[in-house]
Amino acid sequence: MIQVIENKFLLTGKEYQYAFYVEDGKLYHAYYGANLGVYYESCGKEGYKVELPKEYSEFGRGDFRPTAIVVRTNESLSTDFRFDSYKILDKKPSIGLPSMRGEKQTLAVVLKDLRLNLKLTLFYTPYEDGLVRSVLLENNGKEAVVLDKISSGCFEFSRGEYETIDLCGRSNAERQYSREKLGNGVKKLASSRGITSHQTNCFMALLKSGAEEETGEVYGFNLIYSGNFNIECEKDAYSRVRVIVGENILYGGIELQAGEKYYTPEVVSVYSIDGIGGMSRNFHRLYRKYLINPVFADKIRPIVINSWESVVYNVGEETLFEFIDGAKGLGIDMVVLDDGWFGERDDEDRSLGDWYVHKTKLPNGLKPVIDRCHASGMKFGIWFEPEAISPNSDLYRQHPDWAIHTNGCEGVQMRNQFVLDFSNANVVDYVYECMKNILENNAIDYVKWDMNRSLTDVPNAKKYRDYTLGVYALYNRLTASFPNVLIEGCSTGGARFDGGILYYSPMIWTSDNTDAWCRAKIQYSTSLCYPLQSLSNHVSDVPNRQTKRSIDFETRANVAKFGCLGYELHIANEKEENRELVKRQTAEYKKDADLILTGDLYRLRNPYIDGAFSELVVSEDKTRAILVYVRESSVLYAQKEKKLLLKGLDENQKYLVQETGEIFTGKALHYIGLEIVLERMDYSSTTLHLTKV
Ligand code: DGJ
């Protein structure tokens, strides 16, 4: 709901309220927190006016805290944006970037800098579960200006003690949970790699001190963008906190010509009084309803078997036939042919960009392989790395200038490859035509879109932005031409796990680390912001490719199924016993998937802290729930665990635990808890089903 009361603006969702006001022509922040039902000013008016909490902070005018916008001209670095007008729009503006869907009323507040003739519009869309913000800058002057910084949102918080949670990590250990006290100075989470990256994620939570998994006040921020981003969180000398979220414009800035406009990506901010879990559930509801492509949102995803970990580049016709025959009859829905099927791709040092079928590996093309899949009752999916180019490729020999480069510099190779310059429309056209050709001429239902390196040799700041727009342009064209093809996002595991990709790809490969315990941790922390239906998880062989650890087959599946279940095994070589297990797991998953993918998530044990991973997913009507519990070490409790307090059930109802036949009230499960009995071994696990009786 949007309310404007004289010079005061009030935005209200289910749980939150957000307020700001105009005074002497400037915009000041008033309140962000629990829904109080009235306009309230919490941020305080002490101090000089220039120091008051700002709605959108600007540089060089007496506010020395992190700034939301810096516009540079030959003469100046500062701006003086003053309130001009406001409008309530019937729907959100179209910003030319992936953004939250839905025709939602939007408040547009117009500010003007008269000296530079700049118009700045701040957009606010209050969804029930969170507030979405973005900014538009229009250069109405006669001269170009340079944008050194333009953030999607600036958020102010009143004095107090806070903590943060961030999701920094690395390859094979993406999005690791890290909670810390917010100290003095600025905490900065940013990417300058041209992709969101393994190293950071464009998410941060701000906790009022004392908040826990299901209690206390928690704010979450997530940028809907797949390129360079910047999140700054400052605690100043008076313990006031400001959070800035936006694109990370790198050195030199971006020139905005006279008459040009610039839209920032959207930042989604949620608030919850129900702790970290409440914040996550708000994000999940928002993303399921308004971000994920509605063709696939809340739908059960196909169970795939992917060729990568088992056969790597050895994807000749015979091997694939064997692979397909091995997968037949096990309840698997889709065979995905990963890397190695194109050009002369026998190794990772060649052929990216040559998107035509490998003549010696697949002399008869893809058709016999796809036919075999169909005859075995499965669909077919294929891997591309659209943004990549190998120096050893026909494409590079023809168009060396299509790789991102800086004139006169030898390009930096990573994984023996360069990145295509997606800011060049001809490049995007070429890749689109190649993919279209493969997709049109073959019955393909699934694409895995990989991206295996960071950007280097980028000659200027604007190219980073235009590159990301090029990626979205290709996604737009592919999803328009092939609306029913499910495109899974991937980036050396999960280096591009963000809302921009999620807008197009309903699921994203979470990590190349498929070790069940490492994966439980990655899934746990990824779920802080992203819904389980966006997590693509595979059961792989042991000893695990990344950790050399051997974790029980059932545990591997118990972890993988808390998201979109798939397999990455040499299925034809598996023991009969494991093949039977796959059959059982796929059948069970098909029964549970709607609940797992659309229910409310309650995290019960934090694997980073508790030595156990446990999640409970409760159906919206609270009639069903599914629980997973994985224990790292058997030493402490042998068989019986400490009782697990189940959150989120209807306290006044009775639930049957299907596996044990026991019946408990929701209240007893909440306050007394459920006993978890496990096999006496490390990494043992269980999945339990609860139904209302
Ligand atoms: C990295 C991905 O994360 C893997 O799953 C696989 O597709 C390889 N690339 C193929 O090169």
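All of these numbers come straight from a predicted model, not from anything done at the bench.

## Here's the deal with the packing of helix α10 (residues 553-560) against helix α11 (residues 576-598)
Working step 1: Relative orientation of the contacting elements α10 and α11 amounts to 25°, with a least axis distance of 11 Å. Judged on the interaxial angle alone, α11 and α10 are roughly parallel. By crossing handedness, the relation of α10 to α11 is classed as right-handed. Seen from α10, the contacting residues are Phe553, Glu554 and Ala557; seen from α11, they are Asn578, Leu581, Val582, Arg584 and Gln585.
Working step 2: Partitioned by chemical class, the residues of the contact of α10 with α11 number 4 nonpolar, 2 polar and 2 charged.

## Observations regarding the sheet that holds strand β36 (residues 685-692)
Working step 1: Strand order in the open sheet formed by 6 strands is β31-β32-β33-β36-β34-β35, and the pairing between neighbours is antiparallel. Sheet topology places β31 (600-605) and β35 (663-665) at the edges, where each strand pairs with a single neighbour. On average, adjacent strands in this sheet sit at an angle of 25° to one another, irrespective of strand direction.
Working step 2: Pairing of strand β34 (residues 654-657) with β35, which is carried by 3 bridges, proceeds in the antiparallel orientation. What sits directly across from tyrosine 655, in β35, is phenylalanine 664.

## Here's the deal with the nonpolar core
Working step 1: Of all hydrophobic cores here, the largest spans 196 residues; its most connected members are Leu137, Phe157, Leu206, Val243, Tyr287 and Trp341.
Working step 2: Setting aside residues up to four positions removed in sequence, tyrosine 287 forms contacts with Met100, Asn222, Ile224, Val268, Ile292, Leu502, Cys529, Tyr530 and Pro531.
Working step 3: If you look at the next biggest cluster of nonpolar residues, it comprises 19 residues, including Leu604, Val618, Ala625 and Leu688.

## Quick word on empty space enclosed by the protein
Working step 1: Applying the stated criterion across every chain yields a total of 7 cavities of 30 Å³ or more.
Working step 2: The calculated volume of the largest cavity comes to roughly 60 Å³.
Working step 3: Looking at the largest cavity, the residues that line it are His284, Arg288, Pro531, Leu532, Gln533, Ile596, Leu597, Gly599, Leu601 and Val617.
Working step 4: Looking at the lining of the largest cavity, the elements that each hand over two or more residues are α1 (275-290) and α11.

## Considerations on the pattern of salt bridges
Working step 1: Taken as a whole and assessed by the stated rule, the structure comprises 56 salt bridges.
Working step 2: Measuring nitrogen to oxygen at the nearest pair gives 3.2 Å for the salt bridge that ties glutamate 156 to arginine 65. With glutamate 156 in strand β10 (residues 145-157) and arginine 65 in the loop between β4 (26-34) and β5 (69-72), this residue pair connects regions lying 91 residues apart in the sequence.
Working step 3: Residue classification places arginine 65 among the buried residues on the basis of a relative accessible area of 10%.
Working step 4: Close ionic contact of aspartate 236 with arginine 65 constitutes a salt bridge, the shortest N to O distance being 3.8 Å. Pair noted here: aspartate 236 is in the loop between β16 (229-235) and β17 (241-247) and arginine 65 is in the loop between β4 and β5, with a separation of 171 residues, a long-range link.
Working step 5: Connected through salt bridges with shared partners, the residues Lys54, Asp63, Arg65, Glu156, Glu234, Asp236, Arg240 and Arg242 form a single ionic network.

What counts and what doesn't
Residues numbered from 1 in each chain as written. Predicted model: local features only at pLDDT ≥ 70, side-chain atom pairs only at ≥ 80, totals over all residues. Heavy atoms only, no water. Axes fitted to C-alpha atoms, helices over the stretch in contact; angles between N-to-C directions. Helix = DSSP H or I, 4+ residues; strand = E, 2+ residues; numbered from the N terminus. Parallel < 35°, antiparallel > 145°, perpendicular 65-115°, else oblique. Left-handed = near helix turned anticlockwise from the far one by under 90°. Contact = heavy atoms within 4.5 Å. Nonpolar A, V, L, I, M, F, W, Y, C, P; charged D, E, K, R; others polar. Pairing = 2+ DSSP bridges. Core = buried A, V, L, I, M, F, W, Y, C linked by side-chain atoms within 4.5 Å. Buried < 20%, exposed > 50% of the residue type's maximum accessible area, 1.4 Å probe, protein only. 1 Å grid on protein atoms, 1.4 Å probe; cavity = no way out; pocket = protein on both sides within 12 Å on 5 of 7 lines; lining within 4 Å. Points joined across faces, edges and corners; volume = space filled by probe spheres on them. Salt bridge = Lys/Arg side-chain N within 4 Å of Asp/Glu carboxyl O.

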